[in-house]
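Each chain is listed here by its residues.
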Amino acid sequence: MEKINIEKKILLTDSRSLSDPDISMFFALVTQQNDGHKYIRVLYEKGVRNFVVRRSFNGTDEMPDANFYRVDDTLVALQEITASHRQKFNIPIIGITGSNGKTIVKEWLYQLLHEQFNIVRSPRSYNSQTGVPLSVRQLNEDTELGIFEAGISQRGEMQRLEAIIRPTIGIFTTIGDAHQENFSSHEEKCLEKLILFEHAEKIIYNEDQTLVKYCLEKKNLLTKTFAWSKTNPNADLFIRSINKNFDKTTIGYISECESGEIQIPFTDDASVENAIHCLALIISQTYGQGAHCPFSRLEPVAMRLDLSKGVNNNTLINDSYNSDINSLTIALDFMGRRAQGNRLKRVLVLSDILQSGIAPAVFYRQVAELVKKEKVEHIIGIGPNLMAHSNLFDMEKEFYPATESYLESGSWRTLKNSVVLIKGARQSRFERIFEQLEEKAHRTVLEVDLDAMIHNLKHFRSLLKPDTKVICMVKAFGYGIGSYEPAKTLQERGADYLAVALADEGVELRREGVTMPIMVMNPEKHTFTIMFEHRLEPEIYDLDMLDAIIRETERRGILHYPIHIKLNTGMNRLGFEEYEITDLVAKLNNQQGVTVKSVFSHLAGSDSPDLDDFTRSQIRQFTSAAEHLEQMLEYPIRKHILNSAGIERFPEAQFDMVRLGIGLYGISSMDYGFLKPVATLKTHILQVREVKQTDTVGYNRNGILKRDSRIACLPIGYADGLDRRFGNGHGYVLINNKKCPFVGNICMDVCMVDVTDTNADEGDAAIIFGEKITVSELAEQLQTIPYEILTSISPRVKRVYFKE
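Residues numbered from 1 in each chain as written. Predicted model: local features only at pLDDT ≥ 70, side-chain atom pairs only at ≥ 80, totals over all residues. Heavy atoms only, no water.

Pairing is parallel in the open sheet, where eight strands are placed in the order E27-E26-E25-E24-E23-E22-E21-E28. At either end of the open sheet lies a strand with only one pairing partner, and these are strand E27 (638-640) and strand E28 (657-660). Along the sheet, successive strands turn relative to each other by an average axial angle of 30°, direction set aside. Bridge count between strand E25 (residues 561-566) and strand E26 (residues 594-600): six bridges; the pairing is parallel. In the sheet register, Ile563 faces E26, and the bridge partner there is Val596. Sheet contacts for helix H21 (residues 612-633): E25, E26 and E27; angle to E26, the most-contacted strand, approximately 160°. (Pairing = 2+ DSSP bridges. Helix = DSSP H or I, 4+ residues; strand = E, 2+ residues; numbered from the N terminus. Axes fitted to C-alpha atoms, helices over the stretch in contact; angles between N-to-C directions. Contact = heavy atoms within 4.5 Å.)

As summarised here, the arrangement of the four strands in space is E1-E2-E3-E4, forming an open sheet in which the pairing is parallel. Each edge of the sheet is formed by a strand with only one pairing partner; in this case those strands are strand E1 (10-12) and strand E4 (67-70). In this sheet, neighbouring strand axes are inclined to one another by 25° on average, regardless of whether the strands run parallel or antiparallel. Across four bridges, the pairing between strand E3 (residues 50-53) and E4 is parallel. Across the sheet, Val53 pairs through a bridge with Arg70, a residue of E4. Taken strand by strand, helix H2 (residues 74-86) contacts E1, strand E2 (24-27) and E3, and its axis lies near 135° from that of E2.

Our focus in this paragraph is the environment of Met335. Examined against the element boundaries, Met335 turns out to sit in helix H9 (residues 325-339). On a C-alpha basis, the gap between Met335 and Ser122 in space is 19 Å, while along the polypeptide they are 213 residues apart. Not counting residues up to four positions away in its chain, the partners in contact with Met335 are Ile317, Arg346, Val347, Val376, Val419 and Leu421.

With that settled, the discussion passes to the side chain of Asn568. By the element assignment, Asn568 lies in the loop between E25 and helix H20 (581-588). The exposure class of Asn568 is buried, given its relative accessible area of 6%. Among the polar contacts listed, one links the side chain of Asn568 to the side chain of Glu577, at a separation of 2.8 Å. Setting aside chain neighbours within four positions, we find Asn568 in contact with Arg573, Leu574, Gly575, Phe576, Glu577, Ser601 and Gln621. (Buried < 20%, exposed > 50% of the residue type's maximum accessible area, 1.4 Å probe, protein only. Polar contact = N/O pair within 3.5 Å; in protein donor to acceptor, adjacent residues only side chain to side chain.)

On to the confidence of the model for the protein chain. Here the protein chain averages 91 in pLDDT, while 96% of its residues score no lower than 70. Strand E8 (residues 169-172) holds the highest mean pLDDT among the elements of the protein chain, 98, whereas strand E14 (residues 305-309) holds the lowest, 78. (pLDDT = per-residue confidence, 0-100.)

Evaluation of the coordinates by the stated rule reveals zero disulfides. In this structure Cys293 is not part of a disulfide, and its nearest cysteine sulfur, from Cys278, lies 9.9 Å away. You can see Cys713 has no disulfide; the closest cysteine sulfur is in Cys751, sitting 8.3 Å from it. Of the residues examined, Cys713 reaches a relative accessible area of 19% and is grouped as buried. (Disulfide = S-S within 2.5 Å.)

Here the focus is the packing of aromatic side chains. For the coordinates displayed, the defined rule picks out 12 aromatic pairs. Measuring from ring centre to ring centre gives 5.9 Å for Tyr479 and Tyr787, while their planes differ by 40°; the resulting arrangement is tilted. Linking Tyr479 in helix H15 (residues 475-479) with Tyr787 in helix H24 (residues 786-791), this pair joins segments that are 308 residues apart in sequence. Ring-pair connections join several aromatic residues into one group, and the members of that group are Phe26, Phe51 and Phe68. (Phe/Tyr/Trp six-rings, centres within 6.5 Å; stacked < 30°, edge-to-face > 60°.)

With that out of the way, let us pick up the pattern of salt bridges. For the structure shown, the criterion picks out 34 salt bridges. For Lys597, the salt bridge is made with Glu537, and the minimal N-O distance between the two is 3.9 Å. With Lys597 in strand E26 and Glu537 in strand E24 (residues 536-540), this pair connects stretches of sequence that are 60 residues apart. Looking at Lys597, the relative accessible area reads 32%, which means it is partly exposed. The salt bridge involving Arg796 is made with Asp749; its shortest N-O contact spans 2.7 Å. Pair noted here: Arg796 is in the loop between H24 and strand E38 (798-803) and Asp749 is in the loop between strand E35 (738-743) and strand E36 (751-754), with a separation of 47 residues, a long-range link. On the accessibility criterion, Arg796 (36% relative accessible area) is partly exposed. Exposure remark for Asp749: the relative accessible area of 35% places this residue in the partly exposed category. Here the salt bridges share partners, and the residues they tie into one network are Lys106, Glu107, Arg121 and Glu149. (Salt bridge = Lys/Arg side-chain N within 4 Å of Asp/Glu carboxyl O.)

Of all hydrophobic cores here, the largest spans 137 residues; its most connected members are Leu490, Leu498, Ile565 and Phe769. For Leu490, the residues in contact, after removing those within four places along its chain, are Met453, Ile454, Leu457, Cys472, Val474, Ala495, Leu498 and Leu664. Among the nonpolar cores identified, the runner-up in size contains 39 residues, and Leu112, Trp228, Leu281 and Val301 belong to it. (Core = buried A, V, L, I, M, F, W, Y, C linked by side-chain atoms within 4.5 Å.)

Looking now at H21. With 22 residues, H21 extends 31 Å between its outermost C-alpha atoms, agreeing within 8% with the 32 Å of an ideal straight helix rising 1.5 Å per residue. Along H21, the positions that sit buried rather than exposed are Asp612, Thr615, Gln618, Ile619, Phe622, Ala625, Ala626, Leu629 and Leu633. One side of H21 holds all its buried residues, which, seen down the axis, span an arc of 150°. Facing away from the buried side of H21 by over 90 degrees, the exposed positions are Asp613, Arg620 and Gln631. In this fold, the buried residues of H21 make contact with E25, H20, E26, E27 and helix H22 (644-649). (Expected span 1.5 Å × (residues − 1). Arc of directions from axis to C-beta.)

Following this line, the structure appears as structure tokens:
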């Protein structure tokens, strides 16, 4: 086996992120959701020759020049290699942990210190067992300061991350409920997190968090702390005042070596606390006087990428909040994944980049190489530094001195059939470019948090056996939230199957580049042709349907096409009765056109405890009928009956597969608080008017007022999916976190709400449902089900997708 210099290799864990095959080493990680070994063949065909594996597999003899390095655990090997790499650097390393605020503190420290130091930091929120080693691996001979965050979800994880980061300085942000499900108490979780600082020289924390202080004392770490407090004047850093104005906060402080004030352009409590952590770090390490650091220029941290539809068949990725080479790498990788499968051109709109002290010629050569490696076909560079180094970019290109110049050129009108990544520092005001390229729609939008969806998928997987497959339901336009982006994300994150209601829905997913298996739950005979053409697998629910698909396969010469047999066990909607199984098997055994991939049934009331006896009888009936079918076919078939509520309430009946539907989108029959809401329906105030008590509001004068009122008009109505039954005070929206009831009838395109008791003004956001007004709450008000609320949202409401 060839001996290699691993320090010169790119460590690859995600086959989709391949950029330089010649210098890549792939670690075949094995998780509950996926197995990296199944991607080795594809990577070999793309030129990768070095693989770290944990088991033998078929096909190695067909890869004669590949190097396979066998280890007991590929994740542990990745972590140990990176821990060894970390030991080569005798520089300050800041390690950040806590329940919230880790990424913000890390990014703000970078904004505050990047002009002093050449900094390597975690890309976005790479704080997991895999993300941390990939982050630390970026340390190089030019690095002067490292900033890495560490997150955990269960006991035993932080010990491995500590060996990789080995921080010299620690920051503990806060302790809260995040990832609490795998810990018996907040204390247990806090003690686990503090393992990160066992070898640190200094630990920064908020002394007012009594649990954190108690745990530091319990681990004998208090002597190494630099504590800040709002209540204790004797703390290392005493916060003597916090004064909030309209759009900024002034923080007064006193420490042993200095006192003064800083100003930040934020007013929320979380931002204030995050800024104080940064201030404490700067003062404790004498990186300059806090008052002289550019706190007033802190920028919001874009925690997620915004995907939306643009004009001329463009897909837009809006990351117009910051610009540095680490976040550019992540955004380009994300763009590449979105471009795969749909043949869209890759276009990058890029501003000048924060440089971390590297000579511009050297730095922009690195940028040009990165852009070329990520297969960008057209770059639009904006800013004097990019213009000065335009010769380094070997592709279709345009360069402008400022955003205004690009907009005035009108060149943006020529972009079409492209994935356009808009990546710029905040001061470049690239949001103006986004506004020009965005497909215009009214200001009512449905925001979809794809990371929340993946969180929910992981939660339901945690309730299943490792080998149980998950079918993710994306029917009915993805339960109203949209189908393509959720499907693409589920495909990337290891879902086993997708399911749609109609063949047309499956065809659309195929056209958008979704390649994973797709079931069609309500097929029609006339759609068999398009199902064959697009590899869609139909549910078969009666003998006529079976005869029809067999005839069509025979006519076309198709063999062993996958189908899924549905049994009726009490839903009495679609499906074979148990007495029909003998005839069903006789037909199946007398042909070769189709093969049964799975058999399933549908529970009628798995979310209702009152129907538990009936649910158990359905499960028993299904078990008997499915086993009978499998025995008569004489080959194994997968079985599934559980839906979202069934997974939570009857895990003993998970069989080989489960179907995850409404739970994927954050709605649970158990409501234990483990799921995250995926969708937020929001709009903005069009106008606010003063209306006298003697006047009325809306059609038929139904909006009766009890006082002189301020009435706001919102551009959302029943044509957008807002139910008319919410009108006349039967529902409310949230504006500036205050409940504002509907006044008068809900109109087709507009509704009115009472904002008398708020400071609401034109342009303010109004939340119809989301985290604080849940879909389940609205459904309960209307005495309906959450499915109806979600699927009623009109296609004219723009879907905006977010992802970290």
